[in-house]
Amino acid sequence: MQQAKAGTKQLAPVLKALLERLIDYAGMYPPAGLSLEETLANYNQYRQSDYAWMLNSLVIGASELDRVPASLDGSLAVLAESDESRAATLETKKIVAAERPVYCEVPLESMHELERIKQSGCYAKIRTGGVKPEAIPAPASVSSFILACADLRLPFKATAGLHHPVRAEHALTYEPVALRAVMHGFLNILMASSFAWHGERDIEVIIGETDPSAFAFDDKAHWRGKSLDAKQIREARKNFIHSIGSCSFEEPVTELQALGLL
């Protein structure tokens, strides 16, 4: 797939605030499953693209670090179970004491662990999809996680199955014949989280929204009759919903363009 070209549409500042430094690129992981060499080449290409402002970290396993150039130190989200000096952030499955932010993955059946994660100084991580339909949590479960984090004022990141802007049915892999399922949309997750940070409790309907026209961006970010201004969006992104992991950077860009948002 060729790198998406910048469109001529004037980007709403509030949308840029919502999407800025959003995507942690995880090209090595399913369903993309690229080699390390391909992933590094893509990440470096995206850093030079017209949409580099949407790009955040490169997601890499600790076992791959020896083959990652030192020039990327400070841009790496490393999957590890102990501190890694080259990482900007860590992604773990347990609480880890480290000299950098740690995103600790929380299974949705274990949300009681969120308070312990908060007390440890770590952040939370939610998995919102996978390559099988049963890996996709229901909107109610995602809503419960986001609201619990909002109550604790606990920042988090979301990962898996977030290639698409708005909730809809898609193929779960890039295979010619692939299972299909309704996948979560990253605009849904971002907007629901931003509203939750500012006190909204009824966010399950935002997570479950399937009509792209329900989301609009001008001087404010809108979902149907509810709105947040750019200051509120920036606050939520800085303090609450930090990033999303995606094995594709181009799909989010091209689909936002198709919706007329970029």
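Data block above holds the structure.
Keep in mind the model is a prediction, meaning the values are calculated, not measured. (Residues numbered from 1 in each chain as written. Predicted model: local features only at pLDDT ≥ 70, side-chain atom pairs only at ≥ 80, totals over all residues. Heavy atoms only, no water.)

*Asks:* Help me understand the environment of D218, please; the structure alone is not making it clear to me.
*Replies:* If you trace the backbone, D218 turns up in the loop between β10 (215-217) and β11 (220-223). Owing to a relative accessible area of 39%, D218 belongs among the partly exposed residues under this scheme. Put simply, D218 and A12 are 206 residues apart on the chain and 5.5 Å apart in space, counted from C-alpha to C-alpha. Among all residues touching D218, those that are not within four sequence positions of it are A12 and V14. (Helix = DSSP H or I, 4+ residues; strand = E, 2+ residues; numbered from the N terminus. Buried < 20%, exposed > 50% of the residue type's maximum accessible area, 1.4 Å probe, protein only. Contact = heavy atoms within 4.5 Å.)

*Asks:* Please clarify how the pattern of salt bridges should be interpreted in this entry.
*Replies:* Should their charged atoms come close, side chains of opposite charge can pair. According to the stated counting rule, one finds 15 salt bridges in the structure shown. One salt bridge in this structure joins E91 and K157, with 2.6 Å as the shortest N-O distance. Remark: K157 occurs in strand β7 (residues 156-159) and E91 occurs in strand β4 (residues 89-92); sequence separation between them is 66 residues. When its relative accessible area of 5% is taken as the criterion, E91 is described as buried. The class of K157 is buried, set by a relative accessible area of 1%. (Salt bridge = Lys/Arg side-chain N within 4 Å of Asp/Glu carboxyl O.)

*Asks:* What should I look at first to understand the sheet that holds β11 in this one?
*Replies:* Pairing in this open sheet of three strands is antiparallel, and the strands run β10-β11-β12 from one edge to the other. A single partner strand is all that each edge strand has here, and the edge strands are β10 and β12 (226-229). The mean inter-strand angle of the sheet, taken between neighbouring strand axes irrespective of direction, is 15°. Judged from the three bridges that link them, β10 and β11 form a sheet pairing that is antiparallel. (Pairing = 2+ DSSP bridges. Axes fitted to C-alpha atoms, helices over the stretch in contact; angles between N-to-C directions.)

*Asks:* For this particular structure, what's the right way to read the side chain of S194?
*Replies:* Tracing the backbone through its elements, the reader meets S194 in helix α5 (residues 186-197). On the basis of relative accessibility, which here comes to 0%, the residue S194 falls in the buried class. Excluding anything up to four places from it in sequence, S194 contacts L18, L228, I233 and A236.

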